[in-house]
Amino acid sequence: MSSIRFDKSFLAEQLKKREKWAKKGHKAGHGGSYNLDIATSISKENTIQVLERRAAKQGKNSGNNSVTPFPISSNYLAALRMGIDVTDLPEWLIEIINNDDEIALALTAKNNLPDSPHKQALVSLANDYSLYTGRPATATAKAVKGSPEHYIQVRLFYELERHYPYEYYFTKSVPNGGLRAKKTRFTMQAEGQKKGAHDIDVDLARGKYHGMKLEVKTETGVLSKDQSERLERLNAEGYYCVHGKGYDECWHQLVAYFFITKIRQ
């Protein structure tokens, strides 16, 4: 884990700033008021207890009663104290915030966005998880359509950038889907966009394969006819062609391909 970036003096300075902003009527990044009470609901002890309960529940569900909760880093604690609401965030995103200094810092100070576009997207998601899940319209806000496939890909490229920098360089997304204006759709088709094109390309030869083609789906997503046909035909041409449902399955497929060494008959 990185060195401590958020000490008590930093926390005190940030709280003073937020007190001034709150008096001026400014809102926090999540749209609500700044949390200025660090001595009560978001204390370190309460946060640890919450994570311990979650870990114990996970251990019970998996049959492992010795699960230890991940340690809370000072950057994550600082983000909590600055008013970041993690109540509805999934465990994987909380763990990223806890372990990634740049993301946690960006959540406490808007002018400190990371250079990585994947990290920037995860900061936005941590501030508003309805970007993933969607939310219905209310009297004061329009409905938001969730983009789970998009954030599965964001998370895949985030982890590739961190853990497999060499393979990350040769891995790219294929901008083929999504709702587009008629003019934009025609322009992309004129440039060579094809129906059924896969989501992710890995331009690395492994074993007998020229490269990898991965179609990303949610846990309930299904391949279209065009996608199935294209993956089948590319497989016949010597590519490793698969589709994955959900992040875990997609990540397993990518890493499995990276470690192919022998020619398979």
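About the thresholds
- Residues numbered from 1 in each chain as written.
- Predicted model: local features only at pLDDT ≥ 70, side-chain atom pairs only at ≥ 80, totals over all residues.
- Heavy atoms only, no water.
- Pairing = 2+ DSSP bridges.
- Helix = DSSP H or I, 4+ residues; strand = E, 2+ residues; numbered from the N terminus.
- Expected span 1.5 Å × (residues − 1).
- Buried < 20%, exposed > 50% of the residue type's maximum accessible area, 1.4 Å probe, protein only.
- Arc of directions from axis to C-beta.
- Contact = heavy atoms within 4.5 Å.
- Axes fitted to C-alpha atoms, helices over the stretch in contact; angles between N-to-C directions.
- Salt bridge = Lys/Arg side-chain N within 4 Å of Asp/Glu carboxyl O.
- Core = buried A, V, L, I, M, F, W, Y, C linked by side-chain atoms within 4.5 Å.
- Phe/Tyr/Trp six-rings, centres within 6.5 Å; stacked < 30°, edge-to-face > 60°.
- Lys NZ or Arg CZ within 6 Å of the ring centre and 35° of its normal.
- Polar contact = N/O pair within 3.5 Å; in protein donor to acceptor, adjacent residues only side chain to side chain.
- Parallel < 35°, antiparallel > 145°, perpendicular 65-115°, else oblique.
- Left-handed = near helix turned anticlockwise from the far one by under 90°.

Another point: the pairing of strand β4 (residues 240–245). One ladder, built from six bridges, connects strand β3 (residues 212–217) with β4; its direction is parallel. By the bridge assignment, Lys-213 is partnered in β4 with Cys-241.

Counted at 1.5 Å a residue, the expected span for helix α11 (residues 225–236) with its 12 residues is 16 Å, and the 17 Å between its end C-alpha atoms agrees. When α11 is considered as a whole, its buried residues turn out to be Gln-227, Leu-231 and Leu-234. What you see down the axis of α11 is that its buried residues fit within an arc of 70 degrees, all on one side. Among the exposed residues of α11, those pointing more than 90 degrees away from its buried face are Lys-225, Glu-232, Arg-233 and Ala-236. As for α11, its buried residues are in contact with β3 and β4. Directly beyond the C-terminal end of α11, a positive phi value near 100 degrees is found at Gly-238.

Let's shift gears to the sheet that holds β3. One open sheet accounts for four strands, arranged β1-β2-β3-β4; its pairing is mixed. With partners counted over all chains shown, the strands left at the sheet margins are β1 (171–173) and β4, one partner each. Taking each pair of neighbouring strands and ignoring which way they run, the sheet shows an average axis angle of 20 degrees. Each of β1, β2 (200–202) and β3 is contacted by helix α8 (residues 148–163), which is oriented at about 135 degrees to β3, the strand it contacts most. In the packing of helix α12 (residues 246–258) onto the sheet, the strands contacted are β1, β2, β3 and β4, and the crossing angle to β4 comes to about 155 degrees.

Further remarks concern the pattern of salt bridges. With the rule as written, the count across this model stands at eight salt bridges. Among the ionic pairs, Lys-119 bridges to Glu-102, the shortest N-O distance being 2.7 Å. Here Lys-119, found in helix α6 (residues 117–127), pairs with Glu-102, found in helix α5 (residues 101–108); they are 17 residues apart in sequence, far enough to count as distant. When its relative accessible area of 37% is taken as the criterion, Glu-102 is described as partly exposed. Two residues, Arg-135 and Asp-128, come together in a salt bridge whose shortest N-O distance is 3.4 Å. A residue is classified by how much of its surface remains accessible, and Arg-135, at 34% relative accessible area, is partly exposed. Within this structure, Lys-172, Asp-201, Asp-203 and Lys-213 form a network of salt bridges that share partners.

By size, the foremost hydrophobic cluster in this structure holds 44 residues, and its most contacted members are Leu-93, Leu-122 and Leu-156. Not counting residues up to four positions away in its chain, the partners in contact with Leu-156 are Ile-200, Val-216, Tyr-247, Cys-250, Trp-251 and Leu-254.

Turning next to the packing of aromatic side chains. Scanning all chains against the criterion turns up 11 aromatic pairs. Taking 5.0 Å as the distance between ring centres and 80 degrees as the angle between the ring planes, the aromatic pair formed by Tyr-169 and Phe-170 counts as edge-to-face. Relative accessible area serves as the criterion here: at 26%, Phe-170 is assigned to the partly exposed category. Put simply, the rings of Tyr-164, Tyr-247, Trp-251, Phe-258 and Phe-259 pair up and form one aromatic cluster. Over the ring of Tyr-239 we find Lys-213, and its NZ or CZ is 4.5 Å from the ring centre.

By the secondary structure assignment, Asp-100 is in the loop between α4 (91–99) and α5. A relative accessible area of 4% places Asp-100 in the buried class. For Asp-100, the side chain forms a polar contact with the main-chain nitrogen of Ile-103, separated by 3.2 Å.

In the contact formed by α6 and α8, the axes pass within 9 Å of each other and the chain directions differ by 135 degrees. Classified by the interaxial angle, the pair formed by α6 and α8 is oblique. Every pair of crossing elements has a handedness; the one defined by α6 and α8 is left-handed. Of α8, the residues touching α6 (which contributes His-118, Lys-119, Ala-121, Leu-122 and Leu-125) are Tyr-151, Val-154, Phe-157, Tyr-158 and Glu-161.

Everything listed is a geometric property; what it means functionally is a separate question.
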